[in-house]
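# Survey of secondary and tertiary structure
The primary structure of each chain is shown beneath.
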Amino acid sequence: MSNVEFLIHEVQPDGEVIRVSGIVNKGKVSLNDEFVSVRSESGSESPVLLKVSSIVAYRRQIAELPTGMSGELHVSGEGASELGKHCMLSA
């Protein structure tokens, strides 16, 4: 069971970085966290390895995003093609 979950609202590729907006469903997302799986809306799970390089909320860069707060994560790594609206990232 993961300690951190991030529910995706939108995915925007930006070169090597993927901008993922959504809300923290569980735990807190911090800089340099690594997401290791993504679960689709249908419940199928896929492995990923996506590292958080930046967090933006209310047009400001911050160091962590707590439970219940929405924001944008900038991630890079493996498995970005698995990301989509209503998917749940787990770290």
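Scroll up a little and you will see the structure.
Heads up: these notes are all about the structure in this document. No experiment lies behind these values; they were computed from the predicted model shown. (Residues numbered from 1 in each chain as written. Predicted model: local features only at pLDDT ≥ 70, side-chain atom pairs only at ≥ 80, totals over all residues. Heavy atoms only, no water.)

## Things to note about the environment of G71
By the secondary structure assignment, G71 is in strand β8 (residues 70-78). Taking the C-alpha atoms as reference points, G71 and C87, 16 residues apart in sequence, are found 15 Å from one another. Contact partners of G71, with chain neighbours within four places excluded, come to F6, V20, S21, G22, V56 and L65. (Helix = DSSP H or I, 4+ residues; strand = E, 2+ residues; numbered from the N terminus. Contact = heavy atoms within 4.5 Å.)

## Observations concerning the side chain of E72
Residue position: E72 is located in strand β8. No salt bridge forms around the buried E72; measuring N to O, its nearest opposite-charge neighbour R19 is 4.4 Å away. Of note is the side chain of E72, whose polar atom sits 2.7 Å from the side chain of H74. Here E72 is in contact with Q12, R19, V20, S21, S54, I55 and V56, once residues within four sequence places are set aside. (Buried < 20%, exposed > 50% of the residue type's maximum accessible area, 1.4 Å probe, protein only. Lys, Arg positive; Asp, Glu negative; His and termini not counted. Salt bridge = Lys/Arg side-chain N within 4 Å of Asp/Glu carboxyl O. Polar contact = N/O pair within 3.5 Å; in protein donor to acceptor, adjacent residues only side chain to side chain.)

## What to know about unusual backbone geometry
Non-glycine residue N32 carries a positive phi angle of around 70°. With respect to the secondary-structure elements, N32 resides in the loop between β3 (29-30) and β4 (34-39). Even without being a glycine, Y58 presents a positive backbone phi close to 55°.

## Description of the pattern of salt bridges
Counted under the stated rule, the structure contains 2 salt bridges. In this structure, the salt-bridge partner of D14 is R19, at a minimum N-O distance of 3.9 Å. Among the ionic pairs, K28 bridges to E64, the shortest N-O distance being 3.6 Å. Here the residue K28 occupies a position in the loop between β2 (17-26) and β3, and E64 occupies one in strand β7 (residues 64-65), the gap between them amounting to 36 residues. Exposure remark for K28: the relative accessible area of 44% places this residue in the partly exposed category. In this structure E64 comes out as partly exposed when scored by relative accessible area, which is 37%.

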